[in-house]
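Working through the structure, step by step
Spelled out from the first residue to the last, the chains are:
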4 protein chains.
Amino acid sequence: MEHAKPLPSYLVKRYHGWKATTHAENRAWYKRLANEGQRPRAMVISCCDSRVHVTSIFGADQGEFFIHRNIANLVPPYEPDGDHHGTSATVEYAVTALKVAHLIVLGHSNCGGVQGCMSMCSGEAPELEEKSSFVGRWMDILRPGFDRVKDEGDAARRLRLLEKEAVVVSLDNLMTFPFVREAVEKGNLSLHGLWTEIGEGDLEFFSPADRSFQPV
Amino acid sequence: MEHAKPLPSYLVKRYHGWKATTHAENRAWYKRLANEGQRPRAMVISCCDSRVHVTSIFGADQGEFFIHRNIANLVPPYEPDGDHHGTSATVEYAVTALKVAHLIVLGHSNCGGVQGCMSMCSGEAPELEEKSSFVGRWMDILRPGFDRVKDEGDAARRLRLLEKEAVVVSLDNLMTFPFVREAVEKGNLSLHGLWTEIGEGDLEFFSPADRSFQPV
Amino acid sequence: MEHAKPLPSYLVKRYHGWKATTHAENRAWYKRLANEGQRPRAMVISCCDSRVHVTSIFGADQGEFFIHRNIANLVPPYEPDGDHHGTSATVEYAVTALKVAHLIVLGHSNCGGVQGCMSMCSGEAPELEEKSSFVGRWMDILRPGFDRVKDEGDAARRLRLLEKEAVVVSLDNLMTFPFVREAVEKGNLSLHGLWTEIGEGDLEFFSPADRSFQPV
Amino acid sequence: MEHAKPLPSYLVKRYHGWKATTHAENRAWYKRLANEGQRPRAMVISCCDSRVHVTSIFGADQGEFFIHRNIANLVPPYEPDGDHHGTSATVEYAVTALKVAHLIVLGHSNCGGVQGCMSMCSGEAPELEEKSSFVGRWMDILRPGFDRVKDEGDAARRLRLLEKEAVVVSLDNLMTFPFVREAVEKGNLSLHGLWTEIGEGDLEFFSPADRSFQPV
């Protein structure tokens, strides 16, 4: 691996600032977390998008959330075929090893992945339909959501609905994992769907009674 | 999806605190980020572990880092086979769509995934060798790293080395993606390997000259 | 222009050091900033004083702050009379072209310009009252601040208060620019007043509720 | 001034990081600078552009440079008419009070102000010709430079030449200030013209012999 470079100096400075302030203040607790292991109360699955900042929104410190971030906060269906399944591995580890009490799927507005899915499913993005497109094949997970929203209102409304379907499809797929279903049915785990508007900072939660999202 | 529950009240309270403080202070910028799109300078691939807090370590606010988090901060090799490849999709999006300038792989001490890999490769965790173990199949990515460290020192030292191999293997695999290699060779992208000790908060970077990690 | 000299060698050496280190580390990002244009989040108006180092205090790298520096960090009132108004031009460009989200006025202790204003307004610096004194005429902007502090405590206290008035007067004058007022009222821009003690490195922010400065 | 807001939290964190590291390391020197006054060796006049980072390029610490930044690093001609002249005040203070030994004008590529001047002088930006346009009236200073380059090569070449004229015009105007001319002629002050390409980080200096810019 001959290509790696040292850390850019602007991040070196910020790291030293963190070490001298936040870390210094919390050293005793961080050492316990290192020695005794983590015990996060919740797992969060959110998007990689730089504008979604789950630790900030929930004022979380180290040790609180086990966080998986991928394109469009998607969970694929249960497929134990022996291949690499990064997202399924995170869910398995959180539920069976860490035994988190809450599993939160956090969607968001202005999602590039969801926009790409909308274009692809509408036939406007042939490059995403290529077998070699990792983003396209990943967004295939959201196709069932597209089918549910494709005839709704105008383009802006369909996109908003599809962003929320990315949460609902993931919640649906989570229940196809036997260990998730079992933990939920035993009352050891609760699932939560959220969607945030990144400009205004609004937050809505999924209400299964009428499959709608309501303000928190 | 009948199983979803409302957000636990402790998180509802924290969210409202964030909305009234951090969001209120930064509203103009967050609205611009929503309206004009993100332009993150760097992508970070880190572990889901609740004790690894990349935004805190680097004092990052919304919009700065595109963050993928998975078990043990691993990147699989390039495999454009048409299946769901969540991690590969994040790398593809960051490099080809967002054109990030830095791609940072951040490993850490006390990593449960790496510990599992060590046990599995040492024959001490048959359950991880099952075809149906998502964590086991995901940690297969790190097997080339295990082969390099298996004869080194004592168990504690091997584990430390394997945590760092999780960074090096990922950097190696990143270079198997044609679009990553091209961006690196054109000088449009730099790769960086980091490892942090979560108790003391130390940070080391990978130096390719002698394949070692050095304090930042 | 026959008088220009080559760069002094001590600066040539430092430049080559920067090129080989900081620039080399950040080349991909700096090229993107050049090709795609700047998108600074904030404008800072600070003093030219060599002891005020805004990029250092805030750990800023290239691209983060649009920075105007003048004597005593002053903003004159809105005067669209067709003359050269260098400071007004910077505010106009930042707010209407760059659409920064934050506009920060950063004052400081031990300010020579403020000291000069105090002497001039107290009748102790007739040379600054000359029509031809550029510093004197520039410091006229701060006269309303002098009127508010002239009867306060002893000389040291009055000077400290006048340094802070340089921030408040500038914030007041900023609101006389129609494009600033409009952006503030629409929530697209927030104004911030700061004052730093350059020896101890303390930093205070202006709190409008009681027109006082509080530690950050 | 009822509109000011507290400092955004991302900057509060960075400030505390700076205080605990850079400031702590340099406290003795910064205290001396506060107690004994600044004694900068050079004045730099550069652009407000967020991508021009003079302290970084020259590895400068607090106390080294007296820095004025305005749109397009321009110095207007000597006009002692009793109005506010922010730039002239900075030059007067640096040369007569601080007695700096070097006065450096630093221009740069991709300058929005210079681009605006080019458009305005070419008749393509009527909004900049309005009396009320602060940017337009400020860029009037560069009109003599436009006249010298308007018939040169293609648009890209003219723009590059005009960026460099912003340096030469400023050097010319500096010599119209009696106190600058006197200090230069007595050998107490040297003037320097620089231009930097912000992507590649190249730096050139103005050579008066043939009115050209040469690599440093």
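None of the values given here were measured: they were computed from a predicted structure.

**A short note on the interface of chain C and chain D**
- Each partner contributes to the interface: chain C provides 101 residues, whereas chain D provides 102 residues.
- Interface area for chain C against chain D, summed over the two sides, is near 9000 Å², with a carbon-plus-sulfur share of 62%.
- Across the chain C-chain D interface, the total number found is seven salt bridges.
- Residue D:E64 pairs with C:R14 through a salt bridge whose shortest N-O separation is 2.7 Å.
- Here chain C and chain D share 50 residue pairs in polar contact (both at pLDDT 80 or more) between them.
- Counting residues per element, the side of chain C that touches chain D draws most heavily on helix α1 (residues 9-36) of chain C, which supplies 15 residues.
- In the side of chain C that touches chain D, the residues fall into 46 nonpolar, 31 polar and 24 charged.

**Regarding the pattern of salt bridges**
Residues and elements named next belong to chain A.
- For the coordinates displayed, the defined rule picks out 63 salt bridges over all chains.
- As a salt-bridge pair, E163 and R160 come within 3.2 Å of each other at their nearest N and O atoms. Of this pair, E163 and R160 both sit in helix α8 (residues 155-174), separated by three residues, roughly a single helical turn.
- The partly exposed category is assigned to R160, whose relative accessible area is 32%.

**As for the relation of the copies chain B and chain A**
- Aligned on chain A, chain B shows an RMSD of 0.1 Å; the corresponding rotation is 180° and the shift along the axis is 0.0 Å. Here the symmetry operator amounts to a two-fold rotation axis. Distance from the rotation axis, computed per C-alpha, reaches its smallest value in chain B at B:R69: 2.5 Å.
- A high fraction, 100%, of the interface residues of chain B reappear at the interface in chain A, so the copies pair face to face through one surface.

**What about the domain arrangement of chain A?**
Residues and elements named next belong to chain A.
- Partitioning chain A into domains gives domain 1 (1-37) and domain 2 (38-215).
- Each of domain 1 and domain 2 has a C-alpha centre, and the two are 29 Å apart.
- At the boundary of domain 1 with domain 2, total buried surface from both sides reaches about 400 Å², with 47% on carbon and sulfur atoms.
- Contact with domain 2 buries area across many residues of domain 1, yet Y30, L33 and G37 alone supply 79% of it, more than any other trio.
- Run the count over domain 1 and domain 2 and you get zero salt bridges.
- Here domain 1 and domain 2 share one residue pair in polar contact (both at pLDDT 80 or more) between them.
- For the side of domain 1 that touches domain 2, the class distribution of residues is four nonpolar, two polar and no charged.

**Some details on a negative patch on the surface**
- On the surface, a cluster of negative charge is made up of A:E79, A:D81, A:D83, B:E79, B:D81 and B:D83.
- Looking at where B:D81 falls in the secondary structure, it is placed in the loop between β2 (65-70) and α3 (86-98).
- Look at B:D81 and you get partly exposed, because its relative accessible area is 33%.

**Observations concerning the relation of the copies chain C and chain D**
- For the pair chain C and chain D, the relating rotation is 180°, the translation along its axis is 0.0 Å, and the fit reaches an RMSD of 0.1 Å.
- Both copies share a contact surface, since 100% of the interface residues of chain C are interface residues in chain D too.

**Considerations on unusual backbone geometry**
- With a phi angle near 45°, A:N73 is a residue other than glycine that sits in the positive phi range.
- Secondary-structure assignment places A:N73 in the loop between β2 (65-70) and α3 (86-97).

**Notes on the interface of chain B and chain A**
- Facing 101 residues of chain B, the contacting portion of chain A comprises 102 residues.
- Around 9000 Å² of area is buried between chain B and chain A when both sides are counted, 62% of it from carbon and sulfur atoms.
- For the pair chain B and chain A, the interface holds seven salt bridges.
- In this structure, the salt-bridge partner of B:D202 is A:K19, at a minimum N-O distance of 3.7 Å.
- Inspection of the chain B/chain A interface yields 50 residue pairs in polar contact (both at pLDDT 80 or more).
- For the side of chain B that touches chain A, the element with the highest residue contribution is helix α1 (residues 9-36) of chain B, accounting for 15 residues.
- Partitioned by chemical class, the residues of the side of chain B that touches chain A number 46 nonpolar, 31 polar and 24 charged.

**Comments concerning the side chain of C:T87**
- Topologically, C:T87 is positioned in helix α3 (residues 86-97).
- In this structure the side chain of C:T87 is engaged in a polar contact, spanning 2.8 Å, whose partner is the side chain of C:H68.

**A word on the UniProt feature "binding site: Zn(2+)" (unreviewed entry) in chain A**
- In this numbering, the UniProt entry assigns the feature "binding site: Zn(2+)" (unreviewed entry) to A:C47, A:D49, A:H108 and A:C111. Taking the farthest pair of C-alpha atoms as the criterion, the annotated set spanning 65 residues converges on one region, since that pair is 9.0 Å apart.
- Assignment of secondary structure puts A:D49 in the loop between β1 (42-47) and α2 (54-57).
- Under the relative-accessibility criterion, A:D49 is labelled buried at 2%.
- Apart from residues lying up to four places away in sequence, A:D49 is in contact with A:R69, A:H108, A:N110, B:Q38 and B:F66.
- Along the chain, A:C111 falls in the loop between β3 (102-108) and α4 (112-121).

**Structural notes on the packing of aromatic side chains**
- A complete count under the given rule lists 32 aromatic pairs over all chains for this structure.
- A centroid spacing of 5.8 Å and a plane angle of 55° characterise the contact between A:F134 and B:F177, whose relative ring orientation is tilted. Here the residue A:F134 occupies a position in helix α6 (residues 134-139), and B:F177 occupies one in the loop between α8 (155-174) and α9 (178-185), the pair thus bridging two chains. Comparing A:F134 with B:F177, the two get one shared label, buried.
- Consider the rings of D:Y78 and D:F177, whose centres lie 5.4 Å apart with planes at 70°: the pair is edge-to-face. Of this pair, D:Y78 sits in the loop between β2 (65-70) and α3 (86-97) while D:F177 sits in the loop between α8 (155-174) and α9 (178-185), and the two are 99 residues apart along the sequence.
- Residue D:Y78 is classed as partly exposed on the basis of its relative accessible area of 29%.
- Owing to a relative accessible area of 0%, D:F177 belongs among the buried residues under this scheme.
- A network of ring pairs unites the aromatic residues A:Y78, A:F177, A:F179 and B:F134 as a single cluster.

Cut-offs applied
Residues numbered from 1 in each chain as written. Chains lettered and ligands numbered in written order. Predicted model: local features only at pLDDT ≥ 70, side-chain atom pairs only at ≥ 80, totals over all residues. Heavy atoms only, no water. Contact = heavy atoms within 4.5 Å. Buried area = accessible area lost by both parts, 1.4 Å probe. Salt bridge = Lys/Arg side-chain N within 4 Å of Asp/Glu carboxyl O. Polar contact = N/O pair within 3.5 Å; in protein donor to acceptor, adjacent residues only side chain to side chain. Helix = DSSP H or I, 4+ residues; strand = E, 2+ residues; numbered from the N terminus. Nonpolar A, V, L, I, M, F, W, Y, C, P; charged D, E, K, R; others polar. Buried < 20%, exposed > 50% of the residue type's maximum accessible area, 1.4 Å probe, protein only. Least-squares fit on C-alpha atoms with pLDDT ≥ 70 in both. Domains from an automatic or database assignment. Patch = residues over 30% accessible without salt bridge, like charges linked within 9 Å, V, L, I, M, F, W, Y side chains within 5 Å. Areas by Shrake-Rupley, 256 points an atom, 1.4 Å probe, with all protein chains shown as cover. Lys, Arg positive; Asp, Glu negative; His and termini not counted. Charge placed at Lys NZ, Arg CZ, Asp CG, Glu CD. UniProt positions renumbered as here; feature names shortened; annotations may be inferred. Phe/Tyr/Trp six-rings, centres within 6.5 Å; stacked < 30°, edge-to-face > 60°.

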